[in-house]
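# Structural overview for review
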Amino acid sequence: MNADRRITFLLPGDNLSGGVRVTTLLANQLLARGYDVRIAVSTHWRELWDHRTLRPLWSEARHGWLCDFRGPVQRYRDVNSLTFSAGEVVVGVGTYMIYDLVRLDAPDVTKVRYHHGFPANMSAAQRAAWSLPFPTITVSAVHVAELERLSGQPVRAVIPNGIDLRDYHPEPGVARDAIGTIYAVHPNKAPADIVELLR
């Protein structure tokens, strides 16, 4: 396989989030078009989560969207333990994988930021990382101006997280007489805004 057809997606974990779902869909589409694609999953974020909450490592038994990926999945703690080819495209997916793109010591690869949202309260270190001039794609046009202001680079593309109606569909015959939403308490999901909007 040509090195310029190799693509690695870096993910912070495997779960049922939209970021993992859309990455799995994109990676499968690229495989079908003849690209050499893998998904590399950081174990660092899960270790931090499990240590911080002192919860048992129950998530090994759970399956996220990655079970639908038809290519190889590699787990890593240090991104530099992975092997990359010259000309390979390395895509950091989501809010926190920017750090692995910054740490990655592979001068012959193309690093791409796949933006799914900013940290809720951006620190100086996060702002510095987000200001680096990596090629960027984003899931929402709402973020383009801030991404371009921070990085000084034009955003390459806006690719919204599409909805596959085979996965998300109304139950037939159920009367719809209410408004609902998916709610999360993480600050990045703006829980107070969601409550206020519903009120």
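Residues numbered from 1 in each chain as written. Predicted model: local features only at pLDDT ≥ 70, side-chain atom pairs only at ≥ 80, totals over all residues. Heavy atoms only, no water.

### Side note on the overall build of the protein
- Helix and strand counts for the protein stand at six helices and seven strands.
- Reading the protein from its N terminus to its C terminus gives the helix and strand order β-α-β-α-β-β-α-β-α-β-α-β-α.
- Residue burial in the protein is summarised as follows: out of 199 residues, 35% are buried.
- Of the contacts formed within the protein by residues at least 6 apart in sequence, a portion of 58% connects residues at least 24 apart.
- A total of about 12200 Å² of accessible surface is found on the protein, and carbon and sulfur atoms cover 56% of it. (Helix = DSSP H or I, 4+ residues; strand = E, 2+ residues; numbered from the N terminus. Buried < 20%, exposed > 50% of the residue type's maximum accessible area, 1.4 Å probe, protein only. Contact = heavy atoms within 4.5 Å. Areas by Shrake-Rupley, 256 points an atom, 1.4 Å probe, with all protein chains shown as cover.)

### Digging into the packing of aromatic side chains
- Tallied over the full model, the rule gives one aromatic pair.
- Where Phe118 meets Trp130, the ring centres are 5.3 Å apart and the plane angle is 70°; that geometry is what we call edge-to-face. In this pair, Phe118 is assigned in the loop between strand E5 (110-115) and helix H4 (124-130) and Trp130 in helix H4, connecting sequence segments 12 residues apart. Here Phe118 and Trp130 have matching classes, each one buried.
- Across from the ring centre of Tyr35, 4.0 Å away, lies the NZ or CZ of Arg5, which sits over that ring. (Phe/Tyr/Trp six-rings, centres within 6.5 Å; stacked < 30°, edge-to-face > 60°. Lys NZ or Arg CZ within 6 Å of the ring centre and 35° of its normal.)

### Considering the sheet that holds strand E4 (residues 89-93)
- Pairing is parallel in the open sheet, where seven strands are placed in the order E3-E2-E1-E4-E5-E6-E7. Either end of the sheet is taken by a strand with one partner, and the two such strands are strand E3 (73-76) and strand E7 (157-158).
- Sheet topology places strand E2 (residues 36-42) next to E3; four bridges connect them, and they run parallel. When the sheet's bridge partners are listed, Ile39 is paired in E3 with Val73.
- Each of strand E1 (6-11), E2, E4 and E5 touches helix H1 (residues 18-32); the most contacted strand, E1, lies at about 170° to it.
- Seen against the sheet, helix H5 (residues 144-151) touches E5, strand E6 (136-138) and E7 and runs at an angle of roughly 160° to E6. (Pairing = 2+ DSSP bridges. Axes fitted to C-alpha atoms, helices over the stretch in contact; angles between N-to-C directions.)

### Re the environment of Ser131
- Tracing the backbone through its elements, the reader meets Ser131 in the loop between H4 and E6.
- The spacing of Ser131 and Arg149 is 18 residues in sequence and 8.3 Å in space, taken between C-alpha atoms.
- Apart from the residues within four sequence positions on either side, Ser131 is in contact with Leu150 and Ser151.
- A distance of 2.7 Å separates a polar side-chain atom of Ser131 from the backbone oxygen of Arg127. (Polar contact = N/O pair within 3.5 Å; in protein donor to acceptor, adjacent residues only side chain to side chain.)

### Considerations on the pattern of salt bridges
- One pass over the full model with this rule turns up four salt bridges.
- Between Arg149 and Glu146 there is a salt bridge, with the nearest N and O atoms lying 2.8 Å from each other. With Arg149 and Glu146 both in helix H5 and three residues apart, the pair spans about one turn of that helix. (Salt bridge = Lys/Arg side-chain N within 4 Å of Asp/Glu carboxyl O.)

### Here's the deal with the layout of surface pockets
- Here the second largest pocket defines a volume of roughly 290 Å³.
- Lining the second largest pocket we find 14 residues, and of these Phe9, Leu30, Val91, Val112 and Ile137 sit closest to its centre.
- Mapped by element, the contributors of at least two residues to the lining of the second largest pocket are E1, H1, E4 and E5.
- Per-class residue counts for the lining of the second largest pocket are 12 nonpolar, no polar and two charged. (1 Å grid on protein atoms, 1.4 Å probe; cavity = no way out; pocket = protein on both sides within 12 Å on 5 of 7 lines; lining within 4 Å. Points joined across faces, edges and corners; volume = space filled by probe spheres on them. Nonpolar A, V, L, I, M, F, W, Y, C, P; charged D, E, K, R; others polar.)

### Considering a nonpolar patch on the surface
- A cluster of nonpolar side chains, Ile163, Leu165 and Tyr168, forms an exposed patch at the surface whose accessible area comes to about 320 Å².
- Relative to the helices and strands, Leu165 resides in the loop between E7 and helix H6 (191-198). (Patch = residues over 30% accessible without salt bridge, like charges linked within 9 Å, V, L, I, M, F, W, Y side chains within 5 Å.)

### As for the environment of Gly71
- Along the chain, the position of Gly71 falls in the loop between helix H2 (44-53) and E3.
- Sequence separation between Gly71 and Ala27 is 44 residues, and the spatial gap between their C-alpha atoms is 8.1 Å.

### Considering the pairing of E2
- The element E2 is largely enclosed, with a buried count of six among its seven residues.
- Across six bridges, E1 lies against E2 in parallel orientation. Note that in E2 the partner of Thr8 across the bridge is Arg38.
- In terms of handedness, the path from E1 via H1 over to E2 forms a crossover that is right-handed. (Right-handed = clockwise from strand over helix to strand, strands pointing away.)

### Some points on H1
- When the terminal C-alpha atoms of H1 are compared, their 21 Å separation across 15 residues agrees well with the 21 Å that a helix rising 1.5 Å per residue should span.
- Those residues of H1 that are buried are in contact with E1, E2, E4 and E5.
- Positioned one or two residues after H1, Gly34 has a phi angle of 95°, which is positive. (Expected span 1.5 Å × (residues − 1).)

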